[in-house]
Amino acid sequence: MSSTASLERKQKKSIREISPIDVYKFLPKTNCRECGESNCMAFATRVVNGERVLTDCPPLYTDQYQDALLHLTELLSPPVRTVVFGAGTTGITIGGKYVLQRHEFTYQNPTPIAIDVHDLLPDEELKVRVRQIEQFSYPYIGRKLSLDAIAIRSVSGDRETFRTTVKKTVDSTSLPVILVSLDPAVMEAGLTVAGDRKPLIYAATKDNWNQMAELALTYQCPLVVFAPQNLPLLRSLVRTLLEYGVVDLVLDPGTAADNGLSETIHNFTAIRTAACRYNDDLFGFPLMGVPMTVWNGEEISEDILKWREAVTASMLLTRYADVLIMHSLDGWVLLPQLIWRFNIYTDPRKPISVEAGIREYGKPDRDSPVLVTSNYALTYFTVESDIKAANLDCYLVVIDTGGLSVESAIAGRNLTPDSIVAALKDHNVGSLVSHTTLIIPGLAARISGDTEEASGWSVLVGPKDSSGIPNYLKDRWPVRS
Ligand code: SF4
């Protein structure tokens, strides 16, 4: 960015500066509980925490509160606008960011990853690739991580060829699509068969913005603005398109790998800083990163290109891409992105947890061991996977530790002899087995004595790492008196 002096600054409170009172004073204040909260103040508090939205308060949407609603909408609008592409329930919302740093406020709207197909792919290859994109999925601590969209590129430059490929693609998938061509005539051919799917149009440039703007307005689709490595031009195009009446914009400031990666990240950071710190309206739009540009570079081995694509995607996910287009479908390229995205977009204030309770593995009987663990998702799924991998027949008591790991829960007194006793009682564990022996995690060793005393059960200290459970049970179970 050349100078912050050129930013379109305006005074607006950041989300962290908005207090519940700021919201409360515009609510109906009837405490009617239609929102499910005990009163309007409780609702206001949850709104500023990002846990509830205005639409959860039906009375606010009656004529009587029109002005209040307008005020609240303005007050709570994020500095980075939201844009939706895709139709109906499969639509994807991007942007809607309130802050620059994740620790300031939970990031909203995880970055969708689109994989490309193009219009010179033979029919069978197109079909297979679309199926691979749809079926790519990885189970991760109780969630299913998957890909989100398909970017259909015109390589032929031919209208009919592009139209046919777009038609075949949208007929074979319900995933949202991005149409990619800088030629407005080719783009229109694609829109004639996919316009009702509300694709993201890629892209308006300094040379074609007028025709692309017309297409975006005609088909009511969001539009990407592309000005590689030229932020003043990007601003100018955004201003022009807004004046033209196109408001659903996505910004692509250009993605360059290798020597250009530093400038790319700088540009993304400058744009997001301008939006979030200075309320710069012209840069307050979602950002598109295109890691697949690495494939346009020098002729080198495919593995190195894939590695570059993975590195570029990870950096853009961090700084501050709201949507990505990638090419590689290899697990080792995509999984790091999906897991990284999952972590970035998880609320840092809420540990990822699973439901507390009793779980059964294999075919446990009255002589089977009873193990204990915490309800921190990562701990729980690791323990579960070790138990399943060894085909053990056992019970697992999952204690509600507030989503903390065993070690943290012990230190914070979220896992205590009393909480273990309560769980044994709540889940009636004594009725499931004929013994009274409990195996607690090795990291909970220091509460073994007190647990024994409080529960009346014999307490064994298991391994510190759940990978040791199978061997531990082989050596120690059944307990010999
Ligand atoms: Fe207050 Fe609206 Fe909730 Fe009713 S629904 S209690 S008016 S916030």
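See the structure above.
Residues numbered from 1 in each chain as written. Predicted model: local features only at pLDDT ≥ 70, side-chain atom pairs only at ≥ 80, totals over all residues. Heavy atoms only, no water.

Attention shifts here to the overall build of the protein chain. Regarding its fold elements, the protein chain presents 16 helices and 17 strands. The principal-axis extent of the C-alpha atoms belonging to the protein chain is close to 85 × 60 × 40 Å. Taking all 481 residues of the protein chain together, the buried fraction comes to 50%. Restricting the contact set of the protein chain to residue pairs at least 6 apart, pairs at least 24 apart contribute 66%. Carbon and sulfur atoms make up 49% of the accessible area of the protein chain, which totals about 22300 Å². (Helix = DSSP H or I, 4+ residues; strand = E, 2+ residues; numbered from the N terminus. Buried < 20%, exposed > 50% of the residue type's maximum accessible area, 1.4 Å probe, protein only. Contact = heavy atoms within 4.5 Å. Areas by Shrake-Rupley, 256 points an atom, 1.4 Å probe, with all protein chains shown as cover.)

In space, the eight strands of this open sheet follow the order 10-9-8-7-6-3-12-11, with parallel pairing throughout. Each edge of the open sheet is held by one strand with a lone partner, namely strand 10 (249–252) and strand 11 (288–289). Pairing between strand 3 (residues 113–118) and strand 12 (residues 323–326): three bridges, direction parallel. Of the residues in strand 12, the one forming a bridge with Ile 115 is Met 326. Strand contacts of helix 10 (residues 302–318): strand 11 and strand 12, with the helix running at about 175° to strand 12, the strand carrying the most contacts. (Pairing = 2+ DSSP bridges. Axes fitted to C-alpha atoms, helices over the stretch in contact; angles between N-to-C directions.)

This brings us to the sheet that holds strand 17 (residues 458–461). Taken together, the five strands give an open sheet; going across it, the order is 13-15-14-16-17, and neighbouring strands pair in mixed fashion. The open sheet is flanked by strand 13 (357–361) and strand 17, the only strands paired with a single partner. In this sheet, adjacent strand axes meet at a mean angle of 30° when their direction is disregarded. Both strand 14 (residues 370–374) and strand 15 (residues 394–399) contribute to a ladder of five bridges, which runs parallel. For Leu 371, the partnering residue across the bridge sits in strand 15 and is Leu 396. Seen against the sheet, helix 14 (residues 417–426) touches strand 15 and strand 16 (437–440) and runs at an angle of roughly 125° to strand 15. Strands in contact with helix 16 (residues 469–476) are strand 14, strand 16 and strand 17; relative to strand 17, the strand with the most contacts, it is inclined by about 130°.

The next point concerns the packing of helix 7 (residues 209–219) against helix 8 (residues 231–244). Where helix 7 meets helix 8, the closest approach of the two axes is 11 Å, and the angle between their N-to-C directions is 45°. On the basis of their axis angle, the class for helix 7 and helix 8 is oblique. For the pair helix 7 and helix 8, the sense of crossing is right-handed. On helix 8, the residues that touch Trp 209, Asn 210, Ala 213, Glu 214 and Leu 217 of helix 7 are Leu 237, Thr 240, Leu 241 and Tyr 244. (Parallel < 35°, antiparallel > 145°, perpendicular 65-115°, else oblique. Left-handed = near helix turned anticlockwise from the far one by under 90°.)

As a matter of local geometry, the ligand sits amid Pro 28, Thr 30, Asn 31, Cys 32, Arg 33, Glu 34, Cys 35, Cys 40, Phe 43, Cys 57 and Pro 59. The cavity that encloses the ligand is the largest cavity. Residues belonging to the shell around the ligand are distributed by class as follows: seven nonpolar, two polar and two charged. (Near = heavy atom within 4 Å. 1 Å grid on protein atoms, 1.4 Å probe; cavity = no way out; pocket = protein on both sides within 12 Å on 5 of 7 lines; lining within 4 Å. Sits in = over half its atoms within 2 Å of the grid points. Nonpolar A, V, L, I, M, F, W, Y, C, P; charged D, E, K, R; others polar.)

A separate point is the nonpolar core. Formed by 113 residues in total, the largest nonpolar core has its most connected members in Val 23, Leu 60, Ile 201, Leu 223 and Leu 251. A total of eight residues in this core trace back to one element, the largest contributor, which is helix 9 (residues 261–278). With sequence-adjacent residues up to four places away left out, Ile 201 is seen in contact with Leu 179, Met 187, Leu 191, Met 212, Leu 215, Ala 216, Cys 221, Pro 222, Leu 223 and Val 224. Counting residues in each nonpolar core, the second largest holds 20 residues, with Val 370, Val 406, Ile 410 and Val 433 among its members. (Core = buried A, V, L, I, M, F, W, Y, C linked by side-chain atoms within 4.5 Å.)

Across its 13 residues, helix 4 (residues 123–135) extends 18 Å between first and last C-alpha, which sits within 8% of the 18 Å expected from 1.5 Å per residue. Of all the residues in helix 4, the buried ones are Leu 126, Arg 129, Val 130 and Ile 133. Viewed end-on, helix 4 has its buried residues packed into an arc of 100°, placing them on one side of the element. Its buried side turned inward, helix 4 meets strand 3, strand 6 (149–153) and helix 5 (159–172). (Expected span 1.5 Å × (residues − 1). Arc of directions from axis to C-beta.)

Relative to the helices and strands, Asn 375 is located in the loop between strand 14 and helix 12 (377–389). With a relative accessible area of 4%, Asn 375 lands in the buried category. At 3.0 Å, the side chain of Asn 375 forms a polar contact with the backbone nitrogen of Gly 403. Once residues within four sequence positions are removed from consideration, Asn 375 is found in contact with Ile 352, Ser 353, Val 354, Val 398, Ile 399, Asp 400, Thr 401, Gly 402, Gly 403 and Leu 404. (Polar contact = N/O pair within 3.5 Å; in protein donor to acceptor, adjacent residues only side chain to side chain.)

The next point concerns empty space enclosed by the protein. One way to see where empty space is left: roll a probe the size of a water molecule over the atoms. Under the definition given, this model contains two cavities of 30 Å³ or more. The volume enclosed by the largest cavity comes to roughly 100 Å³. Looking at the largest cavity, it is lined by 15 residues, and the ones nearest its centre are Cys 32, Arg 33, Cys 35, Cys 40 and Cys 57. Partitioned by chemical class, the residues of the lining of the largest cavity number nine nonpolar, three polar and three charged. What lines the second largest cavity is Lys 97, Val 99, Tyr 107, Arg 272, Leu 317, Thr 318, Tyr 320, Ala 321 and Tyr 345. (Points joined across faces, edges and corners; volume = space filled by probe spheres on them.)

What follows is about unusual backbone geometry. Here the amide bond leading from Tyr 202 into Ala 203 is cis, since omega sits at 5°, within 30 degrees of zero. Cis geometry is adopted by the peptide bond preceding Tyr 320, which originates at Arg 319 and carries an omega value of -25°. Among the structural elements, Tyr 320 can be located in the loop between helix 10 and strand 12. Positive phi outside glycine occurs at Asn 391, with the angle close to 55°. Residue placement: Asn 391 occurs in the loop between helix 12 and strand 15.

Estimates place the volume of the largest pocket at around 470 Å³. In terms of lining, the largest pocket is formed by 22 residues, of which the most central are Arg 52, Val 53, Leu 76, Pro 78 and Tyr 98. It is helix 3 (residues 66–76) that contributes the most residues to the lining of the largest pocket, four residues altogether. Here the lining of the largest pocket is composed, by residue class, of eleven nonpolar, nine polar and two charged. Here the residues of the lining of the second largest pocket sort into ten nonpolar, seven polar and two charged.

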